[in-house]
Amino acid sequence: MNILSKKSIFTAMLQNGPFAVKDALPLTHPFSSEARKWSREIQDDPLMKTKYRAVRNQIFDFLGTNNFDEILPLVYNKKLNYQVTTRAHQLLGNMFGIRGDAQIIDRHLHDYARTADDVVNSLRAKVLAPYSSHIETTNEIETMYNPVELLLVLFNEQFHSKARFEAKRKLVLMNLAGLIDQRERETAIEQQFADFLSFLNVFVWSSSLKIGDLEISYLHSKHRVDDDFSCTRVCVLSEDEARSIIPVAGEKLTLIKRRRFQNHDRDIPIYVTIRNKQPAAKVLKLLRKNEKNPATAVDDELGLMAVLNSVSDVKLFLRHLTQSAVKAGSFMTLEDISDTLTGGNYRGSATGSSAKTPMLKFFARLGGMRVEFIIHTNRSYLNYIYQRDVAHDEYEVKRIFDTGVAELLFPSDIYHLDMKDIRTSQLVRFRKQIEEY
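Residues numbered from 1 in each chain as written. Predicted model: local features only at pLDDT ≥ 70, side-chain atom pairs only at ≥ 80, totals over all residues. Heavy atoms only, no water.

Asker: Which residues make up the overall build of the protein chain, and what are the values?
Answerer: Helices and strands together make up the secondary structure of the protein chain, namely 18 helices and eight strands. Projecting the C-alpha coordinates of the protein chain onto the three principal axes gives extents of approximately 80 × 50 × 40 Å. When burial is assessed residue by residue, the protein chain has 48% of its 437 residues classed as buried. Excluding contacts between residues fewer than 6 apart, the proportion of contacts in the protein chain whose partners are at least 24 apart in sequence is 70%. Accessible surface computed for the protein chain: about 21900 Å², of which carbon and sulfur atoms make up 50%. In the protein chain, which carries 60 positive and 55 negative side-chain charges, the distance between the mean positions of the two groups comes to 3 Å. (Helix = DSSP H or I, 4+ residues; strand = E, 2+ residues; numbered from the N terminus. Buried < 20%, exposed > 50% of the residue type's maximum accessible area, 1.4 Å probe, protein only. Contact = heavy atoms within 4.5 Å. Areas by Shrake-Rupley, 256 points an atom, 1.4 Å probe, with all protein chains shown as cover. Lys, Arg positive; Asp, Glu negative; His and termini not counted. Charge placed at Lys NZ, Arg CZ, Asp CG, Glu CD.)

Asker: Hey, could you go over helix α2 (residues 46–63) for me, with residue numbers and the actual values?
Answerer: When the terminal C-alpha atoms of α2 are compared, their 26 Å separation across 18 residues agrees well with the 26 Å that a helix rising 1.5 Å per residue should span. Every buried residue of α2 is accounted for by Met-48, Tyr-52, Ile-59, Phe-60, Phe-62 and Leu-63. Take α2 and look down its axis: the buried residues cluster within an arc of 165°, on one side only. Turned more than 90 degrees off the buried face of α2, the exposed positions are Pro-46, Thr-50, Gln-58 and Asp-61. Of the residues trailing α2, Gly-64 is marked for its positive phi of about 70°. (Expected span 1.5 Å × (residues − 1). Arc of directions from axis to C-beta.)

Asker: Can you explain the nonpolar core? Please cite residues and give values.
Answerer: Side chains of a nonpolar character, in soluble globular proteins, are inclined to be buried together. Membership of the largest hydrophobic core comes to 69 residues, with the highest contact counts inside it found for Leu-63, Leu-128, Leu-287, Leu-409 and Phe-410. No other element matches the nine residues that helix α8 (residues 161–187) contributes to this core. With 29 residues, the next largest nonpolar core counts Trp-205, Leu-304, Val-314 and Leu-366 among its residues. (Core = buried A, V, L, I, M, F, W, Y, C linked by side-chain atoms within 4.5 Å.)

Laid out in structure tokens, this is it:
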């Protein structure tokens, strides 16, 4: 389902729906032409009318009011506002299963607000970096963490339409952050992450190396400049050997810091990066998936990406992994296996992913955990970084724009940006960075 369609789960965010933020508040000017048009649109769309009523009733329940007329005094009456905030925070604490007093609930809400800000700032830092100043959040909204205060901004004509939209957006993102936090507490994800690292250090990596002892190596590679920039040849260099290499056009020198695991009497090098998604990344994934349930949309909370010299080394690592789990006292099963390292195409379901991405991907279930593994050879890893229409940096751009997330978070009538043009220019920009630097 398209995140920008009227059937989207995030209907309240759409600027072409009943909750659109305009220059004037329809509810404060009930007889204006804009308000009458808005009313007709609601009446002509039964689904939107139902969604509007549901959201309206949620607002009344949250603020403890019976109609919109009772909301206006909350905007200006500080004492009444405080009473409503105390009650609302307790309701939110119970909804998200937060155990503790008002101070603990406030701390969680602060965290949710910070995550909401991080979602926007993460896009400003990379995918939309050249437009960072265009999409910067209004100062007053960025400093708010109180959901009641943010909600009342929507009914306050003293705030510009951009600020009111950003208050609504922050409420939506805070809600997703709260759902993710609740899921993490229910699944004890922090403890699982610590247990996973302990399993790797005790049972998987070579005992001859200290924890964190990494061997610095470089992949010196050549790429098809006139075609798709895929890797044609790669060799592994030591740190000393790499010092004498000055890459020319079509060449790359890529740093990898490798651990080792033992297979009989042989130490096999392996580059590993642990993937533990931060809350902001999980919120973005919920948006891309058009989902509000982290249990179904975020299935890769724990993950590991590994790079080995050859397909034969990959097979040895898989066998070593399952044997290590048995030594740790747990059977390991591999689920949802997708293997295209030895040929064939990867059929990714995610919007923006490429069918030309070779990898071994599976979920490993062990010790009460379900961990996503993505395994590459040196060559497939270099293609994952550099190849045209495959490179991860390009994929990040495509999935933010093609899923509609960019337009949802930064609608054109608020930010005056053409997301189609920006998508094209950003792909060109990232491709230039990949091939020239």
